[in-house]
Amino acid sequence: MSNVSPKSISILGATGSVGLSTLDLVRKNRDAFKVVALTANNSVEELATLAIEFDVEFAVVGNAEQYSTLKQALSGTNIACGAGQAALIEAAERSSDLVMAAIVGSAGLTPTLAAVQRGATIALANKECLVCAGDLFMKEADANNAKILPVDSEHNAIFQVFDFDRPASVEKIILTASGGPFWNRRGDCLKNVTPEEAIAHPNWSMGPKISVDSATMMNKGLELIEAFHLFPVAADQIEVVVHPQSIIHSMVQYADGSVLAQLGSPDMRTPIAYALAWPNRMNAPVDRLSLPKNADLTFAEPDLDTFPCLDLAMQSLHHGGAAPIVLNAANEIAVEAFLAGQIGFMDISSVVKSALDKSDMKAPQSLSMVFEYDMEARRAAQALVEHHAQ
Ligand code: NDP
């Protein structure tokens with residue numbers, strides 16, 4: 001990196017898959033970064049170990065009941081610690097050049113917004129921020145001059161090839177989807193799949209929630225909504241193409257027929273490195289792409305009958321209003337229940353569909369309305385889960 005002074009960063013969700021990949025890059029480029037704050041939800045021991053290794057200023061655990069364990073683990077160090085929602089916000093508010101927003105789920109919204117409101121540069125992994133509150137989130141980013149750098153590999157790819165100076169020249173965005181571990185299965189074969197099978201993604205190593213979302217293809221649906229808020233295009237200018245090898249991370253098609261793509265080995269450390277070093281580039285220890293060794297790049301239309309979650313997300317994007325909030329909240333509840341063995345794989349889309357059918361909420365005008373809708377949708381989805389579990 002060409003920067004002389006280290007870039008200061010805070011990582012929300014440091015103990016997760018994206019958080020640990022971020023720290024891996026920092027570990028290999030120690031002189032380029034100063035880590036200010038790290039947060040986790042329950043993984044206190046791991047958080048304390050990382051906080052000591054990176055000599056951070058502030059370590060926060062989301063679950064307030066874990067405060068004394070964290071304090072104990074950090075005793076004898078100069079690292080300040082905190083717990084609970086207010087401390088997560090404080091971590092985001094601490095002065096740093098860049099905040100990696102890598103908490104999973106809508107729980108990431110409030111802390112990430114706190115970083116946006118102080119005008120930080122945000123490396124945004126938490127797609128749920130944009131799914132639940134895209135308009136409000138991007139408005140806050142504009143008002144506070146906060147730069148949003150997408151970390152999701154597809155959006156990071158688009159960010160790299162999108163001509164922001166000439167948005168009218170863009171015909172469409174083509175989001176690639178791996179299709180997940182069940183792409184070749186159809187119908188009844190999906191009924192009895194286990195959580196272990198669902199989280200075994202063929203190309204990417206990710207946290208459990210997003211892995212299940214990839215298996216149902218809800219992940220691609222959430223990404224459609226995310227792309228709509230990140231890039232100046234209309235909903236019908238975003239297309240999904242299944243590309244099981246995950247080598248082309250996404251594409252932008254221009255008015256003259258040119259299609260620009262970003263390619264690379266499927267390793268999250270590439271988009272994370274892009275966001276960490278932006279506007280420069282840094283070395284990332286990822287496998288270099290060999291096209292001869294990846295000669296069979298294939299593409300297919302998504303199968304919306306087998307993967308109804310993608311269709312539900314497309315409908316939610318077109319419907320607008322509160323639909324994406326309900327979609328996301330019901331999905332979080334259903335995925336949690338699936339991972340806990342309470343409902344089957346195909347029940348996930350049924351719960352989300354029923355929650356959407358029952359909801360008649362108008363577009364939220366404020367963040368408090370977003371949270372109110374989110375809670376309401378969670379309650380409705382929980383009741384549906386209990387019904388399916390019987
Ligand atoms: P993980 O489940 O691996 O990690 C989540 C992190 O958030 C952990 O540090 C966890 O702490 C913390 N956390 C969980 N719940 C809460 C909560 N209620 N309050 C505060 N902190 C919490 O997730 P991933 O790293 O896979 O994903 C993170 C985000 O990035 C998601 O939004 C995902 O969609 C997105 N993303 C992930 C990709 C990936 O490759 N993993 C790719 C693209 C996007 P603890 O360890 O204590 O539970």
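Note: the structure precedes this text.
Throughout what follows, the structure given in this document is the object of discussion.

## Let's talk about the site of the ligand
For the ligand, the set of nearby residues contains 24 residues, the closest of which are T15, N41, N42, S43 and E128. V18 places a main-chain nitrogen or oxygen 2.9 Å from an oxygen atom of the ligand. Between the ligand and the protein, one listed contact pairs an oxygen atom with a backbone N or O atom of N42 at 2.6 Å. Contact with the protein chains covers 86% of the free accessible surface of the ligand, which is 900 Å². For the shell around the ligand, the per-class residue count stands at twelve nonpolar, nine polar and three charged.

## Here we look at the sheet that holds strand β8 (residues 170-177)
What links the strands of a sheet is backbone hydrogen bonding, and the strands pair in either a parallel or an antiparallel sense. One open sheet holds the four strands; their spatial order is β9-β8-β10-β11, and the pairing between them is mixed. Both edges of this open sheet fall to β9 (238-242) and β11 (259-263), since each of them pairs with a single strand only. The average angle at which neighbouring strand axes cross in this sheet is 20°, direction not considered. Pairing between β8 and strand β10 (residues 248-254): four bridges, direction antiparallel. Along β10, the bridge assignment pairs I173 with V252.

## So, the pairing of strand β1 (residues 7-12)
In the case of a regular strand, side chains alternate between the two sheet surfaces. Of all six residues that make up β1, six are buried, and the element is covered over most of its length. A two-sided burial pattern is seen for β1, the buried positions comprising K7, I9 and I11 on one face and S8, S10 and L12 on the other. Both β1 and strand β2 (residues 33-40) contribute to a ladder of five bridges, which runs parallel. Across the sheet, K7 pairs through a bridge with F33, a residue of β2. Relative to strand β5 (residues 98-101), β1 runs parallel, the two sharing four bridges.

## Description of unusual backbone geometry
With omega at 5°, the peptide bond leading from W278 into P279 counts as cis. By the element assignment, P279 lies in the loop between α11 (269-277) and α12 (308-319). For D55, which is not a glycine, the phi torsion comes out positive at approximately 50°. Residue position: D55 is located in the loop between α2 (44-53) and β3 (58-61). Phi at M217 is positive, roughly 70°, even though this residue is not glycine. Turning to its location among the elements, M217 is positioned in the loop between α9 (208-216) and α10 (218-230).

## Topic: the packing of aromatic side chains
Within this structure, the stated rule accounts for eight aromatic pairs. Seen in terms of ring centroids, F164 and F231 are 6.1 Å apart; in terms of plane orientation they differ by 35°. Their pairing is tilted. Taken together, the positions of F164 in the loop between α7 (153-161) and β8 and F231 in the loop between α10 and β9 put the pair 67 residues apart, joining distant regions of the chain. Since its relative accessible area comes to 3%, F231 is described here as buried. Between F338 and F345 the ring centres are 5.7 Å apart and the planes differ by 65°, which places this aromatic pair in the edge-to-face class. Its relative accessible area of 1% is what places F338 among the buried residues. An aromatic cluster is built from F159, F162, F164, F231 and Y274, whose rings are joined through pairwise contacts. Against the face of F58 rests R94, its NZ or CZ located 4.4 Å from the ring centre. Across from the ring centre of W183, 5.1 Å away, lies the NZ or CZ of R186, which sits over that ring.

## Details of the sheet that holds β5
Strand order in this open sheet of seven strands is β4-β3-β2-β1-β5-β6-β7, and the pairing throughout is parallel. The sheet is open, and its two edges are formed by β4 (80-83) and β7 (148-150), each paired on a single side. The mean inter-strand angle of the sheet, taken between neighbouring strand axes irrespective of direction, is 20°. Examined bridge by bridge, β2 and β3 share four bridges and lie parallel to one another.

## Structural notes on the environment of K172
Position of K172 relative to the elements: it lies in strand β8. For the pair K172 and E239, spaced 67 residues apart in sequence, the C-alpha to C-alpha distance is 7.3 Å. Excluding anything up to four places from it in sequence, K172 contacts Q237, E239, M251, V252 and Q253. Polar side-chain contacts of K172 include one of 2.5 Å to the side chain of E239.

About the thresholds
- Residues numbered from 1 in each chain as written.
- Predicted model: local features only at pLDDT ≥ 70, side-chain atom pairs only at ≥ 80, totals over all residues.
- Heavy atoms only, no water.
- Near = heavy atom within 4 Å.
- Polar contact = N/O pair within 3.5 Å; in protein donor to acceptor, adjacent residues only side chain to side chain.
- Areas by Shrake-Rupley, 256 points an atom, 1.4 Å probe, with all protein chains shown as cover.
- Nonpolar A, V, L, I, M, F, W, Y, C, P; charged D, E, K, R; others polar.
- Pairing = 2+ DSSP bridges.
- Helix = DSSP H or I, 4+ residues; strand = E, 2+ residues; numbered from the N terminus.
- Axes fitted to C-alpha atoms, helices over the stretch in contact; angles between N-to-C directions.
- Buried < 20%, exposed > 50% of the residue type's maximum accessible area, 1.4 Å probe, protein only.
- Phe/Tyr/Trp six-rings, centres within 6.5 Å; stacked < 30°, edge-to-face > 60°.
- Lys NZ or Arg CZ within 6 Å of the ring centre and 35° of its normal.
- Contact = heavy atoms within 4.5 Å.

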